[in-house]
Every structure is written in C-alpha cells, then in structure tokens.
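Listed below are the residues making up each chain.
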Amino acid sequence: MQPLPMKPSALCLVLSLALLPLGVQAAGPSGKIDCIAPANPGGGWDFTCRSVGQVLSEIGAIDGSVQTTNMPGASGGVAFSHVVTKRAGQNDVIVSASTSTTTRLAQHQFPGLNADMVNWAGTVGADYGVIAVSKDSPYQNLESLLDAMEKNPASVSFAGGSASGGWDHLKVLMMARADHIQPLNKVKYLPFDGGGEALTQVVGGHIDAFSGDASEILGFVESGDLRVLAVLADGRLPGALSEFPHRTRSREWMSRASIGRGFYLPPKLSDEDVAWWEETLHKVYESPEWKEVMSKNGLIPFDRSGEAFNAYVHQQIADIETISREVGLIQ
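Computed from a predicted model, the values in this text were never measured in an experiment.

Conventions we followed
- Residues numbered from 1 in each chain as written.
- Predicted model: local features only at pLDDT ≥ 70, side-chain atom pairs only at ≥ 80, totals over all residues.
- Heavy atoms only, no water.
- Helix = DSSP H or I, 4+ residues; strand = E, 2+ residues; numbered from the N terminus.
- Buried < 20%, exposed > 50% of the residue type's maximum accessible area, 1.4 Å probe, protein only.
- Contact = heavy atoms within 4.5 Å.
- Areas by Shrake-Rupley, 256 points an atom, 1.4 Å probe, with all protein chains shown as cover.
- Salt bridge = Lys/Arg side-chain N within 4 Å of Asp/Glu carboxyl O.
- Axes fitted to C-alpha atoms, helices over the stretch in contact; angles between N-to-C directions.
- Parallel < 35°, antiparallel > 145°, perpendicular 65-115°, else oblique.
- Left-handed = near helix turned anticlockwise from the far one by under 90°.
- Nonpolar A, V, L, I, M, F, W, Y, C, P; charged D, E, K, R; others polar.
- Pairing = 2+ DSSP bridges.
- Expected span 1.5 Å × (residues − 1).
- Disulfide = S-S within 2.5 Å.
- Core = buried A, V, L, I, M, F, W, Y, C linked by side-chain atoms within 4.5 Å.
- pLDDT = per-residue confidence, 0-100.
- Phe/Tyr/Trp six-rings, centres within 6.5 Å; stacked < 30°, edge-to-face > 60°.
- Lys NZ or Arg CZ within 6 Å of the ring centre and 35° of its normal.

Chemist: Which residues make up the overall build of the protein chain, and what values go with them?
Modeler: Helices and strands together make up the secondary structure of the protein chain, namely eleven helices and nine strands. The buried share of the protein chain, taken over its 331 residues, is 52%. A sequence separation of at least 24 residues applies to 78% of the contacts in the protein chain between residues at least 6 apart. Accessible area of the protein chain: about 14800 Å², with a carbon and sulfur share of 52%.

Chemist: A description of the pattern of salt bridges should follow, citing residues and the corresponding values.
Modeler: What the rule picks out here adds up to eleven salt bridges. Residues arginine 50 and aspartate 46 are paired through a salt bridge, measuring 2.9 Å at the closest nitrogen-oxygen approach. Of the two residues, arginine 50 and aspartate 46 both sit in helix H2 (residues 44-58), four residues apart, roughly one turn of that helix. With relative accessibility at 7%, the residue aspartate 46 sits in the buried group.

Chemist: Describe in detail the packing of helix H4 (residues 99-106) against helix H11 (residues 306-326), supporting the description with residues and values.
Modeler: To describe two helices that pack against each other, one gives the angle between their axes and the distance between the axes. One way to put it is that H4 packs onto H11 with a least axis distance of 8 Å and a crossing angle of 60 degrees. Classed by the angle they form, the pair H4 and H11 counts as oblique. Crossing handedness for the pair H4 and H11: right-handed. Contact residues: Thr99, Thr102, Thr103, Leu105 and Ala106 in H4; Tyr312, Val313, Gln316, Ile317, Ile320 and Glu321 in H11. Classifying every residue of the contact of H4 with H11 by side-chain character gives six nonpolar, four polar and one charged.

Chemist: Just give me the short version of the pairing of strand E8 (residues 226-231), but keep the residues and values in it.
Modeler: Of all six residues making up E8, five are buried, and the element is well covered by its neighbours. Direction of pairing for strand E4 (residues 119-134) relative to E8: antiparallel, over a ladder of five bridges. By the bridge assignment for E8, serine 134 is matched with leucine 226.

Chemist: I'd like a rundown of helix H8 (residues 214-222), residues and numbers included.
Modeler: Burial in H8 covers these residues: Ala214, Ser215, Glu216, Ile217 and Leu218. Where H8 terminates, the next one or two residues include glycine 224, which has phi positive at roughly 85 degrees.

Chemist: I'd like a description of helix H6 (residues 167-178), backed by residues and values.
Modeler: In a regular helix each residue adds 1.5 Å, so twelve residues correspond to 16 Å; H6 covers 16 Å between its end C-alpha atoms and thus fits that length. Most of H6 sits inside the fold, with eleven of its twelve residues counted as buried. Looking at H6, one finds that the buried residues are Trp167, Asp168, His169, Leu170, Lys171, Val172, Leu173, Met174, Met175, Ala176 and Ala178. Remark: histidine 180 follows H6 within two positions and exhibits a positive phi of approximately 60 degrees.

Chemist: Which residues make up the state of the cysteines, and what values go with them?
Modeler: Inspection of every chain in the model, using the stated rule, returns one disulfide. Note on cysteine connectivity: cysteine 35 is disulfide-linked to cysteine 49, with sulfurs 2.0 Å apart. On the S-S bond that ties cysteine 35 to cysteine 49, the torsion sits near -85 degrees, and the link is left-handed. Linking cysteine 35 in strand E1 (residues 33-37) with cysteine 49 in helix H2, this pair joins segments that are 14 residues apart in sequence.

Chemist: So what's going on with the nonpolar core? Residues and values would help.
Modeler: Phe80, Trp120, Leu142, Leu145, Met149, Phe158 and Tyr264 are the most contacted members of the largest nonpolar core, which totals 49 residues. Setting aside anything within four residues of it in sequence, one finds tyrosine 264 in contact with Ala79, Phe80, Val83, Ile94, Val95, Ala97, Thr101, Val118, Asn119, Trp120 and Ala121. Ile33, Phe47, Val124 and Leu281 belong to the second largest nonpolar core, which has 26 residues in total.

Chemist: I'd like a rundown of the confidence of the model for the protein chain, residues and numbers included.
Modeler: Residues with a pLDDT of 70 or more make up 86% of the protein chain, whose mean pLDDT is 87. Counting contacts from residues 1-24, a segment whose pLDDT is below 50, to residues more than four positions away or on other chains yields three contacts. In the predicted structure, residues 248-255 sits below a pLDDT of 50 and forms 21 contacts with residues beyond four places in sequence or in another chain.

Chemist: Can you tell me about the environment of valine 284, naming the residues and giving the values?
Modeler: Following the sequence through the fold, valine 284 ends up in helix H9 (residues 271-286). Residue classification places valine 284 among the buried positions, given a relative accessible area of 0%. When the C-alpha atoms of valine 284 and glycine 53 are compared, they prove to be 9.6 Å apart, with 231 residues separating the residues in sequence.

Chemist: Which residues make up the packing of aromatic side chains, and what values go with them?
Modeler: The full count for this structure, using the stated rule, is seven aromatic pairs. Both rings, one in phenylalanine 80 and one in phenylalanine 110, keep their centres 5.4 Å apart while their planes meet at 40 degrees; by these two values the pair is tilted. One end of the pair, phenylalanine 80, is in helix H3 (residues 77-86); the other, phenylalanine 110, is in the loop between H4 and E4, and 30 residues separate them in sequence. Residue phenylalanine 80 shares its accessibility class with phenylalanine 110, and that shared class is buried. Ring geometry for phenylalanine 80 versus tyrosine 264: centroids 5.3 Å apart, planes at 55 degrees, classification tilted. With phenylalanine 80 in helix H3 and tyrosine 264 in strand E9 (residues 258-265), this residue pair connects regions lying 184 residues apart in the sequence. The buried category is assigned to tyrosine 264, whose relative accessible area is 1%. Pairwise contacts between aromatic rings join Phe80, Phe110, Trp120, Tyr264, Phe302, Phe309 and Tyr312 into one cluster. One cation-aromatic arrangement involves lysine 291 over tyrosine 285; the distance from NZ or CZ to the ring centre is 4.1 Å.

Below, the structure is given as structure tokens:
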C-alpha cells in the first residue's frame, strides 16, 4: 500500500521541526499555564490573570488551559520571591503585575530581591485609581470627604488591597497631600490581601472608603452597593467608567495615579521563551476579544513589551521612590 500524500502545510511543519538542532524545542509552553495572582480573589491582579487567561484560550494563542493561582502576601512579595527562588526556568508561569508591584520594589519591601531578577514581558492596558464608598455613606462626593479630612485627618478610614505604604495607601496620601491635609500620618488606612476583601469591608459599612482601581469595582457598582466618588484621572474615562466623576481639585499629581497592568516571567528563561511571551501577550492586547474586556472594565490603552516595558518598570520604580519620600513613607 502506498502512503497517503502529505499536505503541503504538514510537510512544512515536519521539515521545520527536522531543521531544529537536536535537543532544542520550539519556544513557548506546552500544556497548562499557571498564572499567579499575588493576592486573594477579587482584586486587580486576580482580574488580570483570569481575564487574560480566558482570552489566551479564546484566540487560540495556547494549546492548553490557564489556571489562576492566588498567592497573597506582602503586597506581591510572597509571589515575587516564590517565582525567583522556585520557578526559575519554567516557561509555563506568568505573574500578574502592576504599579503595586513596582511600589514595593521602589520602597525596598522585597528583602534581597530587585526588579532585575525577573523578566518583564508586557502590559495589557492601564487602570485608574478610584475612591468609592458604600451606598449608605454620608459622603455624597469627594469634596465632602476631603472637607471632613481637612477638619480631622483621622475622621475617614480607607481600605485597600495593598499593604500599609503600598500603592492603594500611597494614592490616599498623595490625594491628601495635594489638598494640604496635615499631618499625613494621621490618615487612617487599613490593608487587606486584595481589593476584594477591602471592598467587602467598605460595602459592609465597617470602613468609610475604598482606595483601589477601576477594574476592581464594577460589579459592586452595578449591584448598587458602591458609590464612586471619583476616578483619579484628569478627565472622564471611556467605556464603563465614562459616567463617573473625575478628580477636579489639585490635579497636578493625577498623571501619577494610573496603574499599568501586565506580567512578569520567571528568571533563567531562554531568549526564545521570553520573546514568545512578549509576542503572545501583545496578540492578546491587539485582539478584539481583549478590547471588549478593556471597554467593559474601564481599562485604558497602554502598550509596552519587552525592553520598553522593562524601561517603564525601572522608571516607575525611580519615580515612586521619590513620591514615597515626599509623603514620608521612606527616608
């Protein structure tokens, strides 16, 4: 019996594989991918992992599934240390990152670790900060909340998904400083392991206000449990957040309040694996499926890959170190 003729596409694949040197595999993971969200479910890191994981499958960019692993602790420090020390060389791991990650790196809160120990793959958009209260809160707008803080800085308590001194806390301090609220060390901030836990406390009336990011709040807003006092931007945002009020007083710090959402990879990956992830995440960013996710969740365009993302991360670390000194979080 004569063998069946091979289709040209299949023949090309066989030839290309035959040309690979012995022992060399094609770049990119095979099978299940582990996306680590460095916080409990419900926050921005968790949202990024789950949303990107779904789109990776929808557009056929991977041949397996994406599992989200929640790894809370130290505002991303537990996950960062785990990936550096336990997952080196593994090309089937990605970690959700944001300005909360670079904030703790800028403040030297990951002992013995630094930004150069991982591979910064790329972004999938940017998020703006928000200040929100429960539906029963006496604060009807941001101005009334700030007026109360001007009279007594400790009169309003804030909850956020980052540690004390982390990005959610830093946003509150920058806002208070811009309004000349003093002393800043009297401003109350309570940290939680993820935005979901912080939101639950605010919605339940246990804490006055939430400091977090736009992508974290939409479910609570749609249910009517949360009132957005301000999006921390110098103009109204497109998409799902277009109707929300934006910050109108003391705008000079607003350009600092956006948060880039992206991913880093373990150390000791091949150049080919790093390049594969850079290209694949960019495909996600450019896809219609991801554009729809961005529109529904208040994300804004922000595209950085590879060296451009790495440069952005290091510049942001330098900027946040300066801001942290300005508000007294570090010496």
